[in-house]
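Results of the structural survey
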Amino acid sequence: MRPARLRSLSAAAVAVAALLATAAPAVQAAPARAAAAPDIPLANVKAHLTQLQSIATANGGNRAHGRTGYKASVDYVRAKLDAAGYTTTLQQFTSGGATGYNLIADWPGGDPNQVLMAGSHLDSVTSGAGINDNGSGSAAVLETALAVSRAQLAPDKHLRFAWWGAEELGLVGSKYYVNNLASTERAKLSGYLNFDMIGSPNAGYFVYDDDPVIEQTFKSYFAGLSVPTEIETEGDGRSDHAPFKSAGVPVGGLFTGASNTKSSAQAQKWGGTAGQAFDRCYHSSCDTTTNINDTALDRNSDAVAHAVWTLSAGTVTPPTGTVFSNATDVAVPDNGAAVTSSVAVTGRTGNAPATLKAAVDIKHTYRGDLVVDLLAPDGTAYRLKNSSSSDSADNVIATYTVNASAETANGTWKLQVRDVAAQDTGYIDSWQLTF
Ligand SMILES: [Zn+2]
């Protein structure tokens, strides 16, 4: 999990941080006819963990990025998926001078314009086998994918599973995937579900609260088991869902706790030991197959399948509209003057809509530095994004909805970007307006 980076902005540049518009449309609640997911056999999930443990033992005790243990883990998971009828792809990237791999598996069928993804990182830290972090998530996602194949599930949405590399180095693999996905492909992602540490020995039951529909899907599942849940905070933004969220994709997931300490109130409702870490072997050599809570792993594995079955049922009717775009790169000077990129809108009648969509893709290494405006043909500015001293993440990849009904539609519209702090730079990669 990557720590947050804070920097002071000049007094003039500090402004309230708020994204003024919504990202891509949220996941729709599943139709009543969603088939019930099967039980995911705990024995199968644990069998995968045993394999990952043997791989680590045979490869210097870990499955870390750039080590033979990681590649062997990828090969193991991939062979299972190939045998089950998946179309698998190995996406290569480089980090720290070593080659990394993301494993992507597509289940045939479903609406290609509405893709539901579920993923987990497959790498460990160098100091241990990484069985809870994150063999548990990797094994549960794998066994869910195999259950889809056993059931020959034909979901309405297209299903894609992913195992990320180099998460422990700062979400490197998942970022690489999102950043290298064409914006048209990114727009097809209706949701991304993340599972990072779901078998903690002193388990808690935490649900991500990033998207209301996904959150409710998990909460209602656990409620059905009479297992209370809490909102996930410890790993907020520090796992592979973060790049997807930054790109405007609805995200969610589950977590059973890492180095935070279980409170007595939590021990009361979940069992286990108060005053002790949820996982005291977090990022250490004792994160082996003995470091797993079977009940938590079993319940969470079933919850993974429940969410995949439920959220892949039903599709939404995509909004129609005419798109005007510009993909010419425009450099944004560091802590300097504003720059613009233009699109010429023609053939429209009357005014622009009240729900004008502005999708932007701005590459930058500290997006808090950026102030982003949409300029109408008459020069009226609509603020899309303010600067923020605490937002250290990369890139502004988002879709904003603007009430532009006061503006004439035809004419030259401009995206204006200004970097208001020193040290980090970037460029406008592409943007588009949908009328
Ligand atoms: Zn992890």
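About the thresholds
Residues numbered from 1 in each chain as written. Predicted model: local features only at pLDDT ≥ 70, side-chain atom pairs only at ≥ 80, totals over all residues. Heavy atoms only, no water. Helix = DSSP H or I, 4+ residues; strand = E, 2+ residues; numbered from the N terminus. Rg over C-alpha atoms; globule rule 2.2 N^0.38 Å. Buried < 20%, exposed > 50% of the residue type's maximum accessible area, 1.4 Å probe, protein only. Contact = heavy atoms within 4.5 Å. Areas by Shrake-Rupley, 256 points an atom, 1.4 Å probe, with all protein chains shown as cover. Lys, Arg positive; Asp, Glu negative; His and termini not counted. Charge placed at Lys NZ, Arg CZ, Asp CG, Glu CD. Pairing = 2+ DSSP bridges. Axes fitted to C-alpha atoms, helices over the stretch in contact; angles between N-to-C directions. Donors = N, O, S within 2.8 Å, 3.2 Å for Na, K, Ca; no water. Tetrahedral: all angles 85-135°; square planar, octahedral: opposite > 155°, others 65-115°.

**Remarks on the overall build of the protein chain**
Counting its regular elements, the protein chain contains nine helices and 17 strands. Against the compact-globule benchmark of 22 Å for 435 residues, the protein chain has a radius of gyration of 22 Å, which places it among compact chains. The dimensions of the protein chain, computed from C-alpha atoms along their principal axes, are 65 × 50 × 45 Å. Residue burial in the protein chain is summarised as follows: out of 435 residues, 54% are buried. Long-range contacts, defined here as pairs at least 24 residues apart, represent 79% of the contacts in the protein chain between residues at least 6 apart. A total of about 16800 Å² of accessible surface is found on the protein chain, and carbon and sulfur atoms cover 51% of it. Of the charged side chains in the protein chain, 31 are positive and 39 negative, and the gap between their average positions amounts to 1 Å.

**Things to note about the sheet that holds strand β11 (residues 339-345)**
Strand order in this open sheet of four strands is β11-β16-β13-β14, and the pairing throughout is antiparallel. The open sheet is flanked by β11 and β14 (381-385), the only strands paired with a single partner. Looking at each pair of strands side by side, their axes are set apart by 20 degrees on average, direction ignored.

**Focus: the coordination of the zinc ion**
Looking at the zinc ion, the protein donor atoms are His121 (NE2), Asp133 (OD), Asp196 (OD) and Asp196 (OD), and they sit 1.9 to 2.7 Å from it. One way to put it: the four donor atoms around the zinc ion meet at angles of 52 to 145 degrees, and that makes the site irregular. In the primary structure, the donors to the zinc ion are separated according to the pattern H-x11-D-x62-D. Here His121 is found in strand β3 (residues 111-121), whereas its partner Asp196 is found in the loop between β5 (189-195) and β6 (206-207), with 75 residues between them in sequence. For His121, a relative accessible area of 1% gives the class buried.

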